[in-house]
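# Fold and geometry: a report
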Amino acid sequence: MILEKDFRISEIDPRLYGSFVEHLGRAIYGGIYEPGHPTADEAGFRQDVASLVRELQVPVIRYPGGNFVSGYNWEDGVGPREQRPRRLDLAWQTVETNEVGVNEFSDWAKVVGAQVMMAINLGTRGVDAARNLVEYCNHPGGTYYSDLRIAHGYKDPHAFKLWCLGNEMDGPWQIGAKTAYEYGRLAQESAKVMKWVDPSIELVVCGSSNSAMPSFAEWEATVLDIAYDEVDYISLHTYYGNRDNDTPNFLARSLDMDRFIGSVVAICDYVKAKRRSSKTINLSFDEWNVWFHSNDADRRVEPWSVAPPLLEDIYTMEDALLVGSMLLSLLRRSDRVKIACLAQLVNVIAPIMTVTGGAAWRQTIFYPFMHVSVYGRGVALQPIIQSDRYDSKDFTDVPYLDSMAVLNEEKEELTVFAVNRNLRGSLELSCHLRGFQDYAVIEHTVLRHDDLKAVNTAENPFNVVPTSDGSARAVEGALTALLAPASWNVIRLKSTRR
């Protein structure tokens, strides 16, 4: 492997390490918000959960959905709680109490150090509700909706910068699903008036729900052809699972993520060329994760209950390896992927789990996400990798070594992230550090477990945890390390000149 200081991909947008909280299952009620919990603050938010979120250093959180948003009336979640209606949430067949709405969520986001990425309802609603919500959230005062916010106790505007124009609008499961043309026109008009209310906002238009959709590619091309001038980003969503228990094939699925990103970049640039535009549309990968463990359990949940356990995947060691590789895929295309949201944050396909009334703990996937969020700030460097490869059911030429590097020039730190996909053999990493001859290893963190199906639970929350006992060393620009089988590795180096 070769790392050259000048092989730069891009300055990494910190929003690449965003997450997502939807009104779904126990994400909010019993997750971030539980007034009766021993750690709850005066607003009802769990401080044990907030502390874990702060560990992740999440800069932006998408809210309030997700499928939920396509049937959501934002007005239901503001004003006195005792006057807020209980509604049927058709997306997840539950009852929404509306105890938490835009103002409360904004308060919580500040507590955990994040900005809100606000989504609007383009399923059952449209232009009028969109402009009113921007006015409520972002206008200083002196108008109906901004004064309504002030009357609700929020004198200063929330000043939300990022806005999603609906969610997965080509999905037949979506309330108010639309054709590409129908959605493109609605997104265009909504975007136009939202920016008239607040010209400083940035807008994410919906891409296809995933790359396997029959509408994929044509949807992106059509929507962008209509709304190109009004929007700033297009969304991507993907989830992977290991239903057939084929671990080598599962760990290769980040290659599909690489291809997906490349395809959407190509579509964006095709529309740019077609329109003779000087504007570049970047990507918001605002839903990504492993999701499959909870599918059977979700079918047994009683409908129309409040905050039932839904999508509560308990993640394994092998899930953490794929999440690590998916993070590396995002870094590889940080020139165009500027925003990404791990879906989701608490209890619902999440790195953080809670017991109602009890403990909160870190799932296996917490660790690679935390490592890249904390140490992946700076410039992404493109390594040149030579690695043995394998073939799997769906992929060929899968490299055993998956790696990326990030240079933090201000701190004079270099971090190498590496996944060893080999389930049985260690990998001898040999890396030539060009331009980093004076850098020395300060830490080699390893996440691994002898059992790839090992999990963390409330009873055993530290079953799968990283250790700082890796073998990496750097001498005169030569980095060497032995990467354990099926392991996630974080090798941190720092300049010795100071």
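As shown above, the structure is provided for reference.
Here's what I pulled together on the structure shown here. (Residues numbered from 1 in each chain as written. Predicted model: local features only at pLDDT ≥ 70, side-chain atom pairs only at ≥ 80, totals over all residues. Heavy atoms only, no water.)

## A few points about helix 3 (residues 127–138)
- Over its twelve residues, helix 3 runs 16 Å from end to end, which matches the ideal 16 Å to within 8%, given 1.5 Å per residue.
- In terms of burial, helix 3 is a largely internal element, nine of the twelve residues being buried.
- Residues of helix 3 that are buried: Ala 129, Ala 130, Asn 132, Leu 133, Val 134, Glu 135, Tyr 136, Cys 137 and Asn 138.
- Where helix 3 is buried, its residues meet helix 2 (102–111), strand 7 (115–120), helix 4 (144–151), strand 8 (162–165) and helix 5 (180–197). (Helix = DSSP H or I, 4+ residues; strand = E, 2+ residues; numbered from the N terminus. Expected span 1.5 Å × (residues − 1). Buried < 20%, exposed > 50% of the residue type's maximum accessible area, 1.4 Å probe, protein only. Contact = heavy atoms within 4.5 Å.)

## Observations regarding the sheet that holds strand 1 (residues 2–4)
- Read across the sheet, four strands follow the order 1-20-23-22 without closing on themselves; strand pairing throughout is mixed. Each end of this open sheet is capped by a strand with a single partner; those strands are strand 1 and strand 22 (473–475). For this sheet the average axis-to-axis angle between neighbouring strands, irrespective of direction, equals 20°.
- Bridge count for strand 1 against strand 20 (residues 427–434) is three bridges, and the pairing is parallel. In the strand pairing of strand 20, Glu 4 is matched with Arg 434. (Pairing = 2+ DSSP bridges. Axes fitted to C-alpha atoms, helices over the stretch in contact; angles between N-to-C directions.)

## What about the packing of aromatic side chains?
- As enumerated under the stated definition, the model contains 18 aromatic pairs in all.
- Relative to Tyr 33, the ring of Tyr 29 has its centre 6.1 Å away and its plane inclined at 75°; by these criteria the two rings are edge-to-face.
- Taking relative accessible area as the criterion, Tyr 33 reaches 5% and is therefore assigned buried.
- Note on Tyr 144 and Tyr 145: the rings are 4.8 Å apart at their centroids and 90° apart in plane angle, and the pair reads as edge-to-face.
- A relative accessible area of 59% means that Tyr 144 is categorised as exposed.
- The ring of Phe 20 is capped by Arg 62, whose NZ or CZ atom sits 4.5 Å from the centre of that ring.
- Above the ring of Phe 366, the side-chain terminus of Arg 362 is found at 5.7 Å from the ring centroid. (Phe/Tyr/Trp six-rings, centres within 6.5 Å; stacked < 30°, edge-to-face > 60°. Lys NZ or Arg CZ within 6 Å of the ring centre and 35° of its normal.)

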